[in-house]
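Survey of secondary and tertiary structure
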Amino acid sequence: MTLQTKADKWNKIYEGSEHDAVHAAKVLEENLHLLPISGNALDLACGLGGNAILLAQQGLETSAWDISRIAIDKLQAYSENLSIPIQLEARDVTVTPPTANSFDIIVVTRFLDRTLIPHLIDALREGGLIFYQAFIKDKTGDTGPKNPDYRLAENELLSLFQALQIICYREEGTVGDLKRGFRNEAMLIARKG
Ligand SMILES: C[S@@+](CC[C@H](N)C(=O)[O-])C[C@H]1O[C@@H](n2cnc3c(N)ncnc32)[C@H](O)[C@@H]1O
C-alpha cells in the first residue's frame, strides 16, 4: 500500500467518527500511577487522541502523531475547545519515527508495526516508560484487524521489548471465563535503563 493510500484509508474512517466516543486505552487508564510528575509524552498513531488527552491532563508535555490529517484536525479542534495543550502532527511514523532520547513516555495502542519497535526503544530517555497495547491472534471476538500479521503472537510483546525492564504485562488469551477479563489484546509497560 502506498503512503498516500494508507493515509486515505484512515482519513475515510475518521471522516465519519465523532470525537466524543474516544477514551484512553486500558494500559494507560489503569496505570496512571506509574507516570512521572513531569516530563514529555508521545501518543504515537494517536487516532482521535484518547491517550494524548489523558497524558496532557496528567500535566505531561504531550505530543500526538498520526498519519491521518482528519484525525489530527479533529483532535486539534477538540483539545483547543477544552484548552488541553497537545502538540499535534500529521506524520507517517514509519517514515519519520521519533528521534533517539526524545521522550519520557511513549504510548502506542492498537497500532502494530514491528519495524518501529527498535526506534521506540531508542526514542525513550533513560528511565522512560513505554505503554503498549495491541490486538492478539488468540482472540475471543471480532474486534481488531482481520489480517493476522497485524496481531501479536503469544507473549510477543515480551520479546519485542526484551531489552527493557518489564513493569507490567497482561495477556489472557482464551483462558478461563471468556465473558470476563481483558480479552483480544495484550498490554505491556516497560522501562528503559
Ligand atoms: C486502530 S487506530 C488506533 C488509534 C489509537 N491509538 C487508539 O488506540 O484508539 C490505528 C491508528 O494508526 C494510524 N496509523 C496507521 N499507519 C500509520 C503510520 N504509518 N503513521 C502514523 N499513524 C499511522 C491510523 O491513522 C490510526 O489512527
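Described below are features of the structure shown in this document. Not measured: the values here are computed from a predicted model.

Summed over all chains, the structure comprises 10 salt bridges. Two residues, Asp92 and Lys6, come together in a salt bridge whose shortest N-O distance is 3.7 Å. One end of the pair, Asp92, is in the loop between strand E3 (86-90) and strand E4 (103-109); the other, Lys6, is in helix H1 (residues 3-15), with 86 residues separating them in the sequence. Its salt-bridge partner being Glu89, residue Arg91 comes within 3.0 Å of it at the nearest N-O pair. The class for Arg91 is buried, based on a relative accessible area of 15%. Because the salt bridges share partners, they merge into one network encompassing Glu30, Arg170, Glu172 and Arg183.

Relative to the helices and strands, Asn11 is located in helix H1. Taking relative accessible area as the criterion, Asn11 reaches 15% and is therefore assigned buried. Setting aside residues up to four positions removed in sequence, Asn11 forms contacts with Ser68, Arg69 and Ile70.

If you check helix H4 (residues 69-81), its first and last C-alpha atoms are 18 Å apart, about what 13 residues at 1.5 Å a residue would give, namely 18 Å. Listing the buried residues of H4 in full gives Ala71, Ile72, Leu75 and Ser79. Seen from one end, H4 has its buried residues packed into an arc of 95°, which puts them on one side. The outward face of H4, more than 90 degrees from its buried face, is lined by the exposed residues Glu80 and Asn81.

Okay, helix H3 (residues 50-57) next. The buried fraction of H3 is high, at 7 of 8 residues. For H3, every residue scored as buried is listed here: Gly50, Asn51, Ala52, Ile53, Leu54, Leu55 and Ala56. Those residues of H3 that are buried are in contact with helix H2 (26-29), strand E1 (40-44), strand E2 (61-66), H4, E3 and E4. Phi turns positive one or two residues past the end of H3, at Gly59, with a value near 90°.

Below, the discussion takes up the sheet that holds E1. The strand order E3-E2-E1-E4-E5-E7-E6 describes an open sheet built from 7 strands, whose pairing is mixed. The open sheet is flanked by E3 and strand E6 (165-171), the only strands paired with a single partner. Neighbour to neighbour, the strand axes of the sheet diverge by 10° on average, direction disregarded. Pairing analysis gives 4 bridges linking E1 to E4, with the strands arranged parallel.

Walk down a regular strand and you will see the side chains alternate between the two sheet faces. For E4, the tally of buried residues reaches 7 of 7 residues, placing the bulk of the element in the interior. Alignment of E4 against strand E5 (residues 124-135), held across 6 bridges, turns out to be parallel. Within E5, the position partnered with Ile106 by the bridge is Ile130.

The next point concerns the layout of surface pockets. Approximately 1,400 Å³ is the volume found for the largest pocket. Lining the largest pocket are 46 residues, with Trp10, Tyr14, Thr109, Arg110 and Phe111 sitting closest to its centre. In terms of residue count, the dominant contributor to the lining of the largest pocket is H1 (5 residues). Here the residues of the lining of the largest pocket sort into 20 nonpolar, 12 polar and 14 charged.

Rules and cut-offs
Residues numbered from 1 in each chain as written. Predicted model: local features only at pLDDT ≥ 70, side-chain atom pairs only at ≥ 80, totals over all residues. Heavy atoms only, no water. Salt bridge = Lys/Arg side-chain N within 4 Å of Asp/Glu carboxyl O. Helix = DSSP H or I, 4+ residues; strand = E, 2+ residues; numbered from the N terminus. Buried < 20%, exposed > 50% of the residue type's maximum accessible area, 1.4 Å probe, protein only. Contact = heavy atoms within 4.5 Å. Expected span 1.5 Å × (residues − 1). Arc of directions from axis to C-beta. Pairing = 2+ DSSP bridges. Axes fitted to C-alpha atoms, helices over the stretch in contact; angles between N-to-C directions. 1 Å grid on protein atoms, 1.4 Å probe; cavity = no way out; pocket = protein on both sides within 12 Å on 5 of 7 lines; lining within 4 Å. Points joined across faces, edges and corners; volume = space filled by probe spheres on them. Nonpolar A, V, L, I, M, F, W, Y, C, P; charged D, E, K, R; others polar.

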